[in-house]
Amino acid sequence: MKFIRIVLWIFILVQFSGCIQDNGTKTIRLAHGLDVNHSVHRAMVKMGEDLDSISGGKIHVEIYPNQQLGTEREILELIQLGSLDMTKVSVATLENFAPKTSILGLPYLFESREHAFNVLDGPIGQALLDNSEEFRLKGLGYYDAGFRSFYAEKKPVNTPEDLKGLKIRVMESVTAVDMVKSLGGSPTPISWGELYTSLQQGVVDGAENNLPSFYLSRHYEVCPYYSLDEHTFSPDVLIVGTLFWDKLTAQEKEWVQEAVKRSLKHQRKLWALSEAEALEEVQKAGVKISYPDKKPFIQMTKEMYSTYENDEELNKMIQQIKSLAN
């Protein structure tokens, strides 16, 4: 599998070298791992349409969805190399490249969606976006990815004790791994594209994600229990490579930023609709939805915050986030 990935990367390097076409237009090569029906993909399509209109056809967006060009981590590596230009990535994956963003994966950091976007759209959110630039990744903004919750094959996760003995798929994230460990589960990193089969074959007993992803991935077919413990609000980050960004003129950067602004606003509206649709559809399919008491989960994950006590900058940032709660 690794050899195949290397061959693919070489192919991409050859095929996609250079972003300027013969007619003088510039192409943004955007890859991500989501389904084409996902609100983020639909918002990216709108971004491309808006950018084409705003730029008078001078900048074009090519989108490669469904992990066509690799996992989130592999796509970020290609962007760092300059072989791709843009992606959406979960902050859980981004923390492996820009470590300070790991605080956004802390459980129960945000009390509500309003609280989260009050932070993300403000100075703290911008500071975390800026932090990724030294790693050749420029954050452009945050898409709504909702709250993540546990789902399982054999029983609901209504208390931390229910996680004991369960292998839970997590993203490739130290923070996500630590969270499941602190709750008594056995964290198992598996790529998103391999998760359905892993659930089906019993490689893992469950996973954690937001409702629309649970629905669009059809994981409800093998996991009939979804527990809305809402342990993390893990936004998706729209990333552009600095190698590409630095090639744009000031005017072109303004065009991109305007299209991104419209895309973020559009996606957040779509997300609210997709959450309601997902909840309705999985219940129709027979999924049992539960609403656990969050207090035991909060209590058992408090220890994770202590790891930041010696980091003055991040500890201060966490306290500021907490102070902005509604």
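Look up: the structure comes first, before these words.
Presented here is an overview of the structure given in this document.

Parameters at a glance
- Every chain's residues receive numbers from 1 upward, in the order its sequence appears when written.
- In keeping with the predicted nature of the model, local features appear solely for residues at pLDDT of at least 70, side-chain atom pairs appear and are counted solely at 80 or more, and the whole-chain, interface and lining totals rest on all residues.
- Calculation of side-chain values draws on the structure's entire complement of heavy atoms; hydrogens and water are dropped beforehand.
- Secondary structure elements follow DSSP: runs of H or I no shorter than four residues count as helices, runs of E no shorter than two count as strands, and numbering proceeds from the N terminus.
- The globule rule is 2.2 Å times the number of residues to the power 0.38, and the radius of gyration it is compared with is taken over C-alpha atoms.
- For every residue, the accessible area (1.4 Å probe, protein chains only) is compared with the maximum for its type, and the residue is labelled buried under 20%, exposed over 50%, or partly exposed between those bounds.
- The criterion used for residue contact is that any of the two residues' heavy atoms lie within 4.5 Å.
- Every accessible area reported is derived by Shrake-Rupley at a probe size of 1.4 Å, with residue values counting cover from the shown protein chains alone.
- We score Asp and Glu as negative and Lys and Arg as positive, and we do not count His or the chain ends.
- A single reference atom marks each charge: NZ on Lys, CZ on Arg, CG on Asp, CD on Glu.
- When a carboxyl oxygen of Asp or Glu lies within 4 Å of a side-chain nitrogen of Lys or Arg, that pair is called a salt bridge.

**Things to note about the overall build of the chain**
Now for step 1: Helix and strand counts for the chain stand at 13 helices and 11 strands.
Now for step 2: The C-alpha radius of gyration of the chain comes to 20 Å, within 12% of the 20 Å expected for a compact globule of 326 residues.
Now for step 3: Dimensions of the chain, computed from C-alpha atoms along their principal axes, come out at roughly 60 × 45 × 35 Å.
Now for step 4: For the chain, buried positions account for 55% of its 326 residues.
Now for step 5: Of all intrachain contacts in the chain linking residues separated by at least 6 positions in sequence, the fraction that spans at least 24 positions is 76%.
Now for step 6: Accessible surface, the chain: about 14,600 Å² in total, of which carbon and sulfur atoms supply 51%.
Now for step 7: Of note, the chain has its 35 positive side-chain charges centred 1 Å away from the centre of its 44 negative side-chain charges.

**Considerations on the pattern of salt bridges**
Now for step 1: One pass over the structure, following the stated rule, counts 19 salt bridges.
Now for step 2: Here lysine 88 makes a salt bridge to aspartate 236, at a shortest N to O gap of 3.2 Å. In this pair, lysine 88 is assigned in strand E3 (residues 86-90) and aspartate 236 in strand E10 (residues 236-241), connecting sequence segments 148 residues apart.
Now for step 3: The partner of aspartate 121 in a salt bridge is arginine 268, with the nearest N and O atoms 2.7 Å apart. A residue pair is termed long-range when its members are at least 10 positions apart, and aspartate 121 in the loop between helix H5 (113-120) and helix H6 (123-131) and arginine 268 in helix H11 (residues 250-284) qualify at 147 residues.

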